[in-house]
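Observations on the model geometry
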Amino acid sequence: MTSEASVLIVADAPRAARGTGLDRAFEILCFTAATFLLAALGGLIVSLMIGGWPAFAHFGVGFFFSAEWDPVKEIYGAAGAVTGTLVTATLALIFALPLALGVAIFLVELCPAPLRRPIGTAVELLAGIPSIVYGMWGLFVFAPWFSKHVQMPIMMSATPGTLWETLTTGVPNGSGILSASLILAVMILPFMAATLRELFLTIPPQVRESAYGLGSTTFEVIGKVSLPYIRTGAIGAVMLGLGRALGETMAVTFIIGNSHGFPTSMFASGSTIASTIANEFAEATGVLHTSSLIALGLVLFVITFIVLALARVLIGRQANL
Amino acid sequence: MFRKIVIGLAACLAVSACNGPEVAKGPSTGVQIAGAGSTFAAPIFSKWAEAQKAETGLALNYQAIGSGGGIKQIKARTVAFGATDKPLKPEELDEAGLVQFPTVIGGVVPVVNIPGITGGQIKLTGPQLADIYLGNTKKWNDPALVAANPGVALPNLPITVVHRSDGSGTSFLFTSYLTAVAPKWAVVGANDAVKWPTGQGGKGNDGVAGFVKQTPGAIGYVEYAFAKMNNMAHVSLQNSSGAFVNPTAGSFAAAAASADWSKAPGFYLLLLNEPGANAWPITGATFALMHKSQTDAATGAAVLSYFDGAFSKGDDAANALAYVPLPADLKARVRSSWSAIVGPDGKPVFTPAQ
């Protein structure tokens, strides 16, 4: 009886009042969701800081500048892993960006209609392959091929005593910094290509058609109209790709060779922050070891944050133009 | 970090599940026990559990999170037993109120990829292996190696050293062995992960095997079971009695049998360079860790009954998976050590039948 009455009352209530109640609830829900995320982020930073504190306190600023990593003597430095992370991610971006642009432009501007969907779907599927699969493929398929057809010819053609020779020394089995960068490039390529394609599709047809109408060639339309139009979003896409490359773990761990210290050549073994943590965290029992790995995590967090902040600034500057 | 938390939560859930009312029925029906640790022993632990589940209804929830994780979990009491390839020292056990006992034998095998060389053809001494891993011996036709291997055509090929990149009990055994046999290795030391003077790191046994297989001239080290299952070309190593031995189930068992467990309090013993003409020099065991005083007698009893059943009926399963079961007298010694594990009433939680 009572429940029926309350239903009646609600039904009788003025529309505005009922709407306000719902609005209020919705507002609270959204606010909670947003603040929860913020709190989770804050909590993450704080826990990384607390976890990494023993390492920072023990090694001081030297933690960031030393490439020494010796679990037996308990000496840890982040420089090797940070260098490896930045080098592989940057190289991956350099390899992937032109290809991603090419794929996106082809799909939007040049691709025959019947092929558009299959190729588009294939690109999206590539983006969905788990990174461990890339790692296995990299180690068992890509590395032997790379060693035989790229690394060995380069190493053998290098003149002894030159800088080029120093840059190309390494174990000829297809692992190392350059291989890891190439695998990373393959991994971020579909992601960037898919985002760039979406961006190209947002260009109003009138804009492009006008350019064609003025007598521009396809090349001119892409270079002078389409690309400038999507520049803002494209920077965002690139930065997101870079973000993924920075944090990529399993694929890199399989192929990078995992030696601590500064990589001295493009075929040398190296390590990244993520690969070091993945390798050692499970078995790290010492306080300083665990704490140094958490501190590395914090460093990666900061690097990623800087990249995203930079993307924001760049996009903001673009928007103001 | 995140993965650890998830595993921790899962382990908590598992433990709370076995603290539930079904435990009260005793170890014979539908009991679930939670364990965590060594990835090396995970396949045989699940094989044993599978056999026992059909028989007694005992279910094992084993999380292969690595030996270090197993030690942390058992110290935090989130699991009923931990498993580690790196035994804890007696004082460490006392401090945490733990007991440990060996469960299954395994070992480390150096493997090579040298064109024209098959398994067991290359003979190495401990110090020679250390020199290779220190980066002092750089070529396979190094005079020292050639002199030690008369009649073997060693090629003029650079040696590529491959090691584990992830912290691992395998690396611990391997570096402990090098420390024991070569004073020079002291600059590196022994641990789950060390600062390798040279070479490349592969993730896991398959990562090491991958690099070794793809690099002519490579040398790596993997678990015995892995080397056997994958038919990798192993190195014949010199043991402490001067004989060159091949890694076989027999040579691992010989090492475990010749070890003097009676002088090892808390079973703290690395089976490295054990005496015996047939003993493989890099042998180890996976140790189970349990709390000396069990808060729940039924759970403790279930764990011990699980290992008791594994010792009595699990040897064939172990052999089939290329593990080496404990020798009979060691099993007896382990069983008698279980009287130290007591319930809240101060009485041993489990008394083995034999």
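About the criteria used
Residues numbered from 1 in each chain as written. Chains lettered and ligands numbered in written order. Predicted model: local features only at pLDDT ≥ 70, side-chain atom pairs only at ≥ 80, totals over all residues. Heavy atoms only, no water. Helix = DSSP H or I, 4+ residues; strand = E, 2+ residues; numbered from the N terminus. Salt bridge = Lys/Arg side-chain N within 4 Å of Asp/Glu carboxyl O. Buried < 20%, exposed > 50% of the residue type's maximum accessible area, 1.4 Å probe, protein only. Pairing = 2+ DSSP bridges. pLDDT = per-residue confidence, 0-100. Contact = heavy atoms within 4.5 Å. Phe/Tyr/Trp six-rings, centres within 6.5 Å; stacked < 30°, edge-to-face > 60°.

Focus: unusual backbone geometry
Even without being glycine, N258 of chain A reaches a positive phi, approximately 50°. As for its position among the elements, N258 of chain A is in the loop between helix 11 (250–255) and helix 12 (273–280). Its identity as a non-glycine residue notwithstanding, N273 of chain B has a phi of 55°, on the positive side. Within the fold, N273 of chain B resides in the loop between strand 11 (271–272) and strand 12 (282–291).

Focus: the pattern of salt bridges
Here the structure, examined in full by the defined rule, presents 14 salt bridges over all chains. In this structure, the salt-bridge partner of E27 of chain A is R24 of chain A, at a minimum N-O distance of 3.1 Å. Remark: R24 of chain A and E27 of chain A occur in helix 2 (residues 15–59); sequence separation between them is three residues, near one turn of the helix. Looking at R24 of chain A, the relative accessible area reads 48%, which means it is partly exposed. Among the ionic pairs, D315 of chain B bridges to K331 of chain B, the shortest N-O distance being 2.7 Å. In this pair, D315 of chain B sits in helix 12 (residues 315–320) while K331 of chain B sits in helix 13 (residues 328–337), placing the two residues 16 residues apart along the sequence. Here the salt bridges share partners, and the residues they tie into one network are E124, R197 and E198 of chain A.

Considerations on the sheet that holds strand 5 (residues 123–124) of chain B
All names here are of chain B. Judged by pairing direction, the sheet is mixed, and its three strands sit side by side in the order 5-9-10 without closing on themselves. Looking at strand neighbours, the two that pair on one side only are strand 5 and strand 10 (244–245), the edges of this open sheet. Sheet topology places strand 9 (residues 236–238) next to strand 10; two bridges connect them, and they run antiparallel. Residue pairing for strand 10: Q238 is matched across the bridge by F244.

With respect to the confidence of the model for chain B
Residue and element names in this part refer to chain B. Chain-level statistics for chain B give a pLDDT mean of 86 and a share of 91% at 70 or above. Note that pLDDT drops below 50 for residues 1–28; the model gives that stretch 39 contacts with residues more than four away or on any other chain. Here the predicted complex carries an ipTM of 0.73, next to a pTM of 0.79.

Looking at the packing of aromatic side chains
All names here are of chain A. For the coordinates displayed, the defined rule picks out 31 aromatic pairs over all chains. Between F56 and F63, the aromatic rings sit 5.7 Å apart at their centres with planes inclined by 85°, giving edge-to-face as the arrangement. Assigned by exposure class, F56 and F63 land together as buried. With centroids separated by 5.6 Å and ring planes inclined at 20°, the aromatic side chains of F56 and F64 adopt a geometry described as stacked. The exposure class of F64 is partly exposed, given its relative accessible area of 38%.

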